[in-house]
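Residue strings, one per chain:
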Amino acid sequence: MIAINRIRRVSEDEVIAEFLRGEFHHPEFDHDRERFAAVVNSLAGSDQRGADLRRSLLFRRRGHVWRELPPDTQWWQVKVEADDVRKMNVFTRRHWPRMNPKDHSVPAFAEGMRSARVSRIPAAEAAKIFSLQKRMAEGYAGNDTILLVGVDEQQPTTILEGNNRVIAAQLADPAAVPSRFRFFLGISPSMSNCIFYKHTPANFRNYLWHRLIHATLHPSRGFAHREAYLEGEKKYR
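The rules behind each value
Residues numbered from 1 in each chain as written. Predicted model: local features only at pLDDT ≥ 70, side-chain atom pairs only at ≥ 80, totals over all residues. Heavy atoms only, no water. Axes fitted to C-alpha atoms, helices over the stretch in contact; angles between N-to-C directions. Helix = DSSP H or I, 4+ residues; strand = E, 2+ residues; numbered from the N terminus. Parallel < 35°, antiparallel > 145°, perpendicular 65-115°, else oblique. Left-handed = near helix turned anticlockwise from the far one by under 90°. Contact = heavy atoms within 4.5 Å. Nonpolar A, V, L, I, M, F, W, Y, C, P; charged D, E, K, R; others polar. Salt bridge = Lys/Arg side-chain N within 4 Å of Asp/Glu carboxyl O. Buried < 20%, exposed > 50% of the residue type's maximum accessible area, 1.4 Å probe, protein only. Phe/Tyr/Trp six-rings, centres within 6.5 Å; stacked < 30°, edge-to-face > 60°. Lys NZ or Arg CZ within 6 Å of the ring centre and 35° of its normal. Core = buried A, V, L, I, M, F, W, Y, C linked by side-chain atoms within 4.5 Å. Pairing = 2+ DSSP bridges.

Draft legend 1. Representation of the packing of helix α1 (residues 12-23) against helix α3 (residues 48-66) within the structure. Following both chains from N to C, one finds α1 and α3 inclined at 60°, their axes separated by 9 Å at the closest point. Taken together, the axes of α1 and α3 are oblique relative to one another. Classified by chirality, the crossing of α3 by α1 is left-handed. Residues Glu12, Asp13, Val15, Ile16, Ala17, Phe19, Leu20 and Glu23 of α1 touch α3, and the partners they reach there are Gln48, Ala51, Arg54, Arg55, Leu57, Leu58, Arg61, Arg62, Val65 and Trp66.

Okay, here's the thing in structure tokens:
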């Protein structure tokens, strides 16, 4: 079985920084996007305080995702080939499983976008992907980092962050997908127990339980607008 090739080991802080860059346009950050734009968009000369700020900002929207990753997850920048894209799955969130209940791979999802099956997802979701496809065909670059998770380099991977961008790129030019993005892969032997790698009833029950426990233990974890409070969220993993 062909394995994805590792390029270099990547720190958790770097992965969080790239994850946050892909999320920073969402409304949760509207009130202080300008205030934190520099620390989010530039890692040059960044210190530990900057890393903690980015972690806290990411946890505002995606803490429930990051806490589900196995503690022993190792992150690597990897070289993706065409065969790896065929083994790359879209995370089956909300309505997306209706596109193709049996095959969640990137090529299968893109094929569904070109067929009548596109009506199975909300029109606004489809419009976002088609808009990205058009912009990519016109030369749009945008955030070029895609986060993947998997058990190892041989098994199929799942897109943790960047689903719309990868599908849009597949629609625009399938052959260019491997070279269009930089790919970070988080691997752990326990990843099959993570809801964001594989959506199973058992994983879903565990995910709901973890969210309930976290909400019970931290009922007022709102994001304070005071720099002294932005100390990171490592202890809430």
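Draft legend 2. Quick look at the packing of helix α2 (residues 33-41) against α3. Viewed as axis vectors pointing N to C, α2 and α3 meet at an angle of 115°, and their least axial separation amounts to 10 Å. As for the relative orientation of α2 and α3, their crossing is left-handed in sense. Counted together, Phe36, Val39 and Val40 of α2 and Gly50, Leu53, Arg54 and Leu57 of α3 form the full contact between these two elements. Looking at side-chain class alone, the contact of α2 with α3 contains five nonpolar, one polar and one charged residues.

Draft legend 3. A look at the pattern of salt bridges. Within the structure shown, the criterion is met by 16 salt bridges. Across the pair Glu12 and Arg55 runs a salt bridge whose closest N-O atoms are separated by 2.6 Å. Linking Glu12 in helix α1 with Arg55 in helix α3, this pair joins segments that are 43 residues apart in sequence. Given the relative accessible area of 31%, Glu12 is considered partly exposed. Classification of Arg55 by relative accessible area gives buried; the value is 1%. What you see here is one network of salt bridges that share partners, running through Arg8, Glu14, Glu18, Arg21 and Arg182.

Draft legend 4. Just the environment of Arg60, in detail. Among the structural elements, Arg60 can be located in helix α3. Overall, Arg60 belongs to the partly exposed group, its relative accessible area being 22%. Taking the C-alpha atoms as reference, Arg60 lies 7.7 Å from Glu28; in sequence the two are 32 residues apart.

Draft legend 5. Seen up close, the packing of aromatic side chains. This model, assessed by the stated rule, comprises six aromatic pairs. Between Phe91 and Phe196, the ring centres sit 5.2 Å apart and the planes meet at 45°, which makes this aromatic pair tilted. Of this pair, Phe91 sits in the loop between β3 (88-89) and α5 (106-113) while Phe196 sits in the loop between β6 (182-187) and α9 (201-217), and the two are 105 residues apart along the sequence. Across the pair, exposure class does not vary: Phe91 and Phe196 are buried alike. The positively charged end of Arg6 is found above the aromatic ring belonging to Trp76, 4.2 Å away from the centroid. Sitting above the plane of the Phe24 ring, Arg33 keeps its charged end 5.8 Å from the centroid.

Draft legend 6. Quick look at the nonpolar core. Of all hydrophobic cores here, the largest spans 30 residues; its most connected members are Met88, Val106, Met113, Val166, Ile167 and Phe183. Contributions of two or more residues to this core are made by β2 (74-79), α5, α6 (123-137), β4 (145-150), α7 (163-172) and β6. Per-element accounting of this core gives the leading share, five residues, to α7. Excluding residues that lie within four positions of it along the chain, Val106 makes contacts with Val85, Met88, Asn89, Val90, Ile159, Val166, Ile167 and Gln170. Grouped together as the second largest cluster of nonpolar side chains are 29 residues, Phe36, Leu147, Val149 and Met191 included.

Draft legend 7. Focus on the sheet that holds strand β5 (residues 157-161). If you trace the six strands from one edge of the open sheet to the other, you get β1-β2-β6-β4-β5-β3, paired in mixed fashion. Because the sheet does not close on itself, it has two edges, and the strands there are β1 (5-10) and β3. Where β3 lies against β5, two bridges are found, and the strand directions are parallel. When the bridges of β5 are listed, Met88 appears paired with Thr157. Running at roughly 125° to β6, α1 makes contact with β1, β2, β4, β5 and β6 of the sheet.

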